[in-house]
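# Architecture at a glance
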Amino acid sequence: MYSIAEILIGVIQGLAIILLSPLITGIMQKTKARTQKRIGATILQPYYDIIKLIKKDEVVSDQSSWIFKVCPWINFVALATAAFFIPLFLTYSPFGLAGDLLLVVGLFALARFFTMLAGLDVASSFGGLGSSREMMFSALLEPALFLTIFIVALTYGGTNLSTIVAAVAGATLLPHPQLIFAAIAMFIIVLGETGRLPFDNPATHLELTMVHEAMVLEYSGKSLALIEWSQAIKLMILLALVVNIFAPWGISSSITVATLGIGFISLVAKISLLAVIIAYLESTIAKWRLFRIPDLITIAIASSMIGMVLYYL
Amino acid sequence: MESIQLDILTISGSVLLIATFGVVARRGFMDWLNAYRHQSIVLAGVTAIIGYVTGIWEIYIAAVLTLLVKSIAIPKILTYVTRRLDIEFKTETNPYISLRTSIIISALLVALSYFLTQQIPFRSDQVVNVLLPVSMAQFFIGLFVLVNRRTVLSQVVGLLIIENGLFLFTMVLTHGVSLIIEIGILVDILVGIVISSILLFRIGRTFDSLDVTNLANLRDD
């Protein structure tokens, strides 16, 4: 069994994802502003936004049902639960006993499902548009995501995140060429799951092409704050997964203050670097036509297929 | 030491596969040409790694020649010859099989080439084990690009990828044929590209299109 200190660190890891996630969003917004020759808001701006939104009153359409009201809470609870399964700066999470990578994906799907229902619930035409597009993306991203998960799980012996990250931290990347292909697929999947630029423009609120924003267009006040926050948590979880599976340098495998400190600092640095890279990439490309998106997802599927072939070599 | 060499070979083979997919996953002639240039640079690197692993110094010369001819000379010639062609000749608007299907088919072709090379029962060293399937995959993907594209211009790119695959194939199996033959093949490719590009320029002038289906029709004037 796990000791009290380990459980405490596990709780801290979960809370760190939840509390640091708006910071990552802030870093991405700042990077995008700087690449567009703007000064941009401070990287703490998402925190201010969330505090401001919580103080505001909420307007709910009288045509909406209970689904519209519970959706932000289900979103937040599902993603915050998923956050506790992710090993962040220690190679294992004590909550790994309760769930593995597939459960995390399932929680993502639950949150997404209720967001789509809420988009349809208020019966505005924007919500319906956003929901149908989101359904198309998620149906296409799912096979790519599962193939990638299977590559990682087969290589490191199990879908349990603690097993995977512990094995990754003990191994080198070199003997596993299939992980290169898995990393390519995973990067495209992260862009798609979090609605970054070739898939969906996160900065727009007034376009016919928006996807995620179209679904949550009717929200205001506390509900909007929860939705934005859970979106940030999802981004942080996926970035932490990418970093810990494909670039595990500096992660701590024992509970001493020094290694945990190094693990935490290197993790924050790596995630920030990845966020800056994604934001920079977003500045250089335009949003793709909706029916070209499957081309990009197909690249992810093909890449993970080749990874599978290389594993069974 | 041995295992590090194997790792380097495997990683370089993977990078070469990724570079090959760059040709399949794009549209437009200039994009393909750039993808082909990147692929040739990677191919030269892989050749140099083969030279390092086997310890034959002639392979280094072959790598340098590959770099010079395939990643500098051939793209320059093709860009120069096609600069006066209309832009609609250079973009592949509707290949026979859509882009996303052809990516999946290419992935299956990679699987097929790994399967096929495992069926060949001969004793081999690690270079053959790792890079032979990659070269066959390149060959198949080049063949697929060749039959899938509609315009003559893009079929030339398919031909070039096949040639890259064959180059790697000979290099892997023989650990470098004699340098004279290597130089001969490269010059052959260079001349072939010059002739075919002049030919396709004249096709474009005569038929006002580079679509191969138009070439099969009888003239009715």
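Residues numbered from 1 in each chain as written. Chains lettered and ligands numbered in written order. Predicted model: local features only at pLDDT ≥ 70, side-chain atom pairs only at ≥ 80, totals over all residues. Heavy atoms only, no water.

When helices and strands are counted, chain A shows 11 helices and zero strands. For chain A, the α and β elements follow one another from N to C terminus as α-α-α-α-α-α-α-α-α-α-α. Along the first, second and third principal axes, the C-alpha atoms of chain A reach 55 × 45 × 40 Å. Here chain A holds 313 residues, and the buried ones make up 54% of them. Residue pairs at least 24 apart in sequence account for 79% of intrachain contacts in chain A once pairs closer than 6 positions are excluded. Within the structure as shown, chain A displays about 13300 Å² of accessible surface, and the carbon and sulfur contribution to it stands at 71%. (Helix = DSSP H or I, 4+ residues; strand = E, 2+ residues; numbered from the N terminus. Buried < 20%, exposed > 50% of the residue type's maximum accessible area, 1.4 Å probe, protein only. Contact = heavy atoms within 4.5 Å. Areas by Shrake-Rupley, 256 points an atom, 1.4 Å probe, with all protein chains shown as cover.)

Moving on, we come to the overall build of chain B. If you tally the helices and strands in chain B, you get nine helices and zero strands. For chain B, the sequential pattern of α-helices and β-strands runs α-α-α-α-α-α-α-α-α. For 221 residues, the compact-globule formula gives about 17 Å, and the C-alpha radius of gyration of chain B, at 18 Å, lands near that figure. The C-alpha extent of chain B, read off along each of the three principal axes, is 70 × 35 × 25 Å. (Rg over C-alpha atoms; globule rule 2.2 N^0.38 Å.)

So, about the confidence of the model for chain B. All names here are of chain B. Chain-level pLDDT for chain B is 81 on average; 92% of the residues reach the 70-or-more range. When pLDDT is averaged over each element of chain B, helix 5 (residues 99-119) comes out on top at 88 and helix 4 (residues 87-90) at the bottom at 63. Prediction confidence for the complex, expressed as pTM and ipTM, is 0.86 and 0.79 respectively. (pLDDT = per-residue confidence, 0-100.)

Turning our eyes to something else, we now look at the layout of surface pockets. The space that makes up the largest pocket amounts to roughly 1200 Å³. For the largest pocket, the lining is made up of 41 residues, of which A:Ile184, A:Phe187, A:Ile188, A:Leu296 and A:Ile299 are closest to its centre. Residue assignment for the lining of the largest pocket shows that the elements contributing at least two residues are helix 7 (178-193), helix 9 (221-246), helix 10 (257-284) and helix 11 (293-311) of chain A together with helix 1 (2-24), helix 2 (29-54) and helix 5 of chain B. Tallying contributions element by element places helix 7 of chain A first for the lining of the largest pocket, with nine residues. (1 Å grid on protein atoms, 1.4 Å probe; cavity = no way out; pocket = protein on both sides within 12 Å on 5 of 7 lines; lining within 4 Å. Points joined across faces, edges and corners; volume = space filled by probe spheres on them.)

The next subject is the side chain of A:Ser138. Topologically, A:Ser138 is positioned in helix 5 (residues 125-156). Only 3.1 Å separates the side chain of A:Ser138 from the backbone oxygen of A:Met135, close enough to count as a polar contact. (Polar contact = N/O pair within 3.5 Å; in protein donor to acceptor, adjacent residues only side chain to side chain.)

The next thing to look at is the environment of A:Asp121. Residue and element names in this part refer to chain A. By the element assignment, Asp-121 lies in helix 4 (residues 101-121). For the pair Asp-121 and Lys-234, spaced 113 residues apart in the sequence, the C-alpha separation amounts to 23 Å. Setting aside chain neighbours within four positions, we find Asp-121 in contact with Ser-64, Ser-65, Ile-67 and Phe-68. Only 3.5 Å separates the side chain of Asp-121 from the backbone nitrogen of Phe-68, close enough to count as a polar contact.

All names here are of chain A. Counted according to the given criterion, the structure contains seven salt bridges over all chains. Of the charged contacts in the structure, one is a salt bridge between Lys-234 and Glu-193, with a shortest N-O distance of 3.4 Å. Placement of the pair is Lys-234 in helix 9 and Glu-193 in helix 7, with a sequence separation of 41 residues. Residue class for Glu-193 comes out buried when judged on its relative accessible area of 6%. Several salt bridges share partner residues, and in doing so they unite Arg-112, Glu-134, Glu-193 and Lys-234 into one network. (Salt bridge = Lys/Arg side-chain N within 4 Å of Asp/Glu carboxyl O.)

This paragraph deals with unusual backbone geometry. Residue and element names in this part refer to chain A. We note that Lys-37 has phi near 60°; this positive angle belongs to a residue other than glycine. One can find Lys-37 in the loop between helix 1 (4-35) and helix 2 (45-55). With a phi angle near 60°, Ala-123 is a residue other than glycine that sits in the positive phi range. Take Ala-123: it is sitting in the loop between helix 4 and helix 5. Residue classification places Ala-123 among the exposed positions, given a relative accessible area of 66%.

Another point: the interface of chain A and chain B. Across the contact, 19 residues belong to chain A and 19 residues belong to chain B. Here chain A and chain B share an interface that buries about 1800 Å² over both sides, 79% of which is from carbon and sulfur atoms. Across the salt bridge formed by B:Arg100 and A:Asp295, the nearest N and O atoms sit 2.9 Å from each other. Run the count over chain A and chain B and you get two residue pairs in polar contact (both at pLDDT 80 or more). Broken down by secondary-structure element, the contributors of at least two residues to the side of chain A that touches chain B are helix 7 and helix 11 of chain A. The element that contributes the greatest number of residues to the side of chain A that touches chain B is helix 11 of chain A, accounting for 10 residues. In terms of residue class, the side of chain A that touches chain B is built from 16 nonpolar, one polar and two charged. (Buried area = accessible area lost by both parts, 1.4 Å probe. Nonpolar A, V, L, I, M, F, W, Y, C, P; charged D, E, K, R; others polar.)

Attention now goes to a nonpolar patch on the surface. Residues and elements named next belong to chain B. Among the surface-exposed residues, Ile-120, Phe-122, Leu-166, Phe-169 and Leu-173 lie close enough to one another that they form a single nonpolar patch of about 400 Å² accessible area. Take Leu-166: it is sitting in helix 7 (residues 152-174). By relative accessible area, which is 42% here, Leu-166 ends up partly exposed. (Patch = residues over 30% accessible without salt bridge, like charges linked within 9 Å, V, L, I, M, F, W, Y side chains within 5 Å.)

On to empty space enclosed by the protein, then. Residues and elements named next belong to chain A. Summed over the entire model, instances satisfying the criterion amount to five cavities of 30 Å³ or more. Size it by volume and the largest cavity reaches roughly 190 Å³. Along the wall of the largest cavity there are 20 residues; nearest its centre are Glu-134, Glu-193, His-212, Gln-231 and Lys-234. Elements that contribute at least two residues to the lining of the largest cavity include exactly helix 3 (66-83), helix 4, helix 5, helix 7, helix 8 (212-215) and helix 9.

Time to look at the nonpolar core. Ranked by size, the top nonpolar core spans 86 residues in total, and within it A:Ile233 and A:Leu239 carry the most contacts. Looking at which element gives the most residues to this core, the answer is helix 9 of chain A, with 17 residues. Those residues in contact with A:Leu239 that lie beyond four places of it in its chain are A:Ile24, A:Val190, A:Ile271, A:Leu274, A:Ala275 and A:Ile278. Among the nonpolar cores identified, the runner-up in size contains 32 residues, and A:Ile306, B:Val127, B:Ala137 and B:Leu168 belong to it. (Core = buried A, V, L, I, M, F, W, Y, C linked by side-chain atoms within 4.5 Å.)

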